[in-house]
Amino acid sequence: PELQGVLGAVDWPHIYTSDSLVMADRAVEMAEKGVKKVIVMGVDFMSENVRAVLDYKGHHDVEVYRLSQEEIGCTLAASAESVNYGLWLEKARKQGNGLHVVYINTSLLTKAMSHATLPTITCTSSNVVRTIMQAFTQ
C-alpha cells in the first residue's frame, strides 16, 4: 500500500492506475514504444492478464514482473475457481442456448474453464451492459 501511494502521487507518463484490462492495454502501448519490462502492482490475475494480452499482441519479448513472489489473491476471483462454479457451468451448458459472462478480473484458469464449457464473453464493469446488449442483438 505504501509504494502504491507514493507512485500514485507522482505524475510520470509510464505509471498507470487502472483495472486489469486498461493495464494490459497500457502495457501494449508501452511495449510498442520500446519498453522491455513491465511491473504489475496488483493481484495475480492482473499480471496474468497483462502477460496474456502482450503475448496476443506479439510482444513475447516484454518481461512482466509482479511486485511480490508471494501469491496475491482476490477472494472474488478465487470463488470462481470453486467446485460449485464448475458444477454451475456444467449445468448451464446442459441447458443450452445460453451465454455466460465472466469478469475480466478472474484468473486465466477461470476464463479458460468458462470458455471451454459454454459460450462465454469476458468483460469489464465498464463494458458489461453494452457487451451483453450487443450479444443479445446477434
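Since the structure is predicted, the reported quantities are computational estimates derived from the model, not experimental observations.

Some details on the pattern of salt bridges
Right, on to step 1. Taken as a whole and judged by the stated rule, the model has 5 salt bridges.
Right, on to step 2. With a closest N to O distance of 3.2 Å, Arg26 and Glu29 form a salt bridge. Of the two residues, Arg26 and Glu29 both sit in helix H2 (residues 20-32), 3 residues apart, roughly one turn of that helix.
Right, on to step 3. Note that Glu90 is salt-bridged to Arg93, the shortest N-O span being 2.3 Å. In this pair, Glu90 and Arg93 are both assigned in helix H5 (residues 83-95), 3 residues apart and thus about one turn of the helix distant.

Examining the layout of surface pockets
Right, on to step 1. Looking at the largest pocket, its volume works out to about 570 Å³.
Right, on to step 2. Taken together, 19 residues line the largest pocket, and the ones lying closest to its centre are His14, Ile15, Tyr16, Ile39 and Met41.
Right, on to step 3. Elements that contribute at least two residues to the lining of the largest pocket include exactly helix H1 (2-9), H2, strand E1 (37-40) and helix H3 (44-56).
Right, on to step 4. Classifying every residue of the lining of the largest pocket by side-chain character gives 12 nonpolar, 5 polar and 2 charged.
Right, on to step 5. Roughly 160 Å³ of volume is contained in the second largest pocket.
Right, on to step 6. Lining of the second largest pocket is provided by Val43, Asp44, Phe45, Glu48, Glu71, Ile72, Gly73, Cys74, Ala77, Ala78, Glu81 and Ser107.

Topic: the pairing of strand E3 (residues 100-103)
As a general feature of sheets, a regular strand has side chains that alternate between the two faces.
Right, on to step 1. By the alternation rule, side chains of E3 split into His100 and Val102, which are all buried, and Val101 and Tyr103, of which none is buried.
Right, on to step 2. The sheet contact formed by E3 and strand E4 (residues 120-123) spans 4 bridges and is parallel. Its bridge partner being in E4, His100 is matched across the sheet by Thr120.
Right, on to step 3. Read from E3 through helix H6 (residues 108-117) to E4, the crossover connection turns out right-handed.

Description of the pairing of E1
Right, on to step 1. Side chains of E1 alternate between two faces, with Val38 and Val40 buried and Lys37 and Ile39 left unburied.
Right, on to step 2. Each parallel crossover has a hand, and the one from E1 via H3 to strand E2 (residues 63-66) is right-handed.

Topic: the confidence of the model for the protein chain
Right, on to step 1. For the protein chain, per-residue confidence averages 86 on the pLDDT scale, and 99% of positions sit at 70 or higher.
Right, on to step 2. For the protein chain, the element scoring lowest by mean pLDDT is H1, at 78; E2 scores highest, at 94.

The rules behind these values
- Residues numbered from 1 in each chain as written.
- Predicted model: local features only at pLDDT ≥ 70, side-chain atom pairs only at ≥ 80, totals over all residues.
- Heavy atoms only, no water.
- Salt bridge = Lys/Arg side-chain N within 4 Å of Asp/Glu carboxyl O.
- Helix = DSSP H or I, 4+ residues; strand = E, 2+ residues; numbered from the N terminus.
- 1 Å grid on protein atoms, 1.4 Å probe; cavity = no way out; pocket = protein on both sides within 12 Å on 5 of 7 lines; lining within 4 Å.
- Points joined across faces, edges and corners; volume = space filled by probe spheres on them.
- Nonpolar A, V, L, I, M, F, W, Y, C, P; charged D, E, K, R; others polar.
- Buried < 20%, exposed > 50% of the residue type's maximum accessible area, 1.4 Å probe, protein only.
- Pairing = 2+ DSSP bridges.
- Right-handed = clockwise from strand over helix to strand, strands pointing away.
- pLDDT = per-residue confidence, 0-100.

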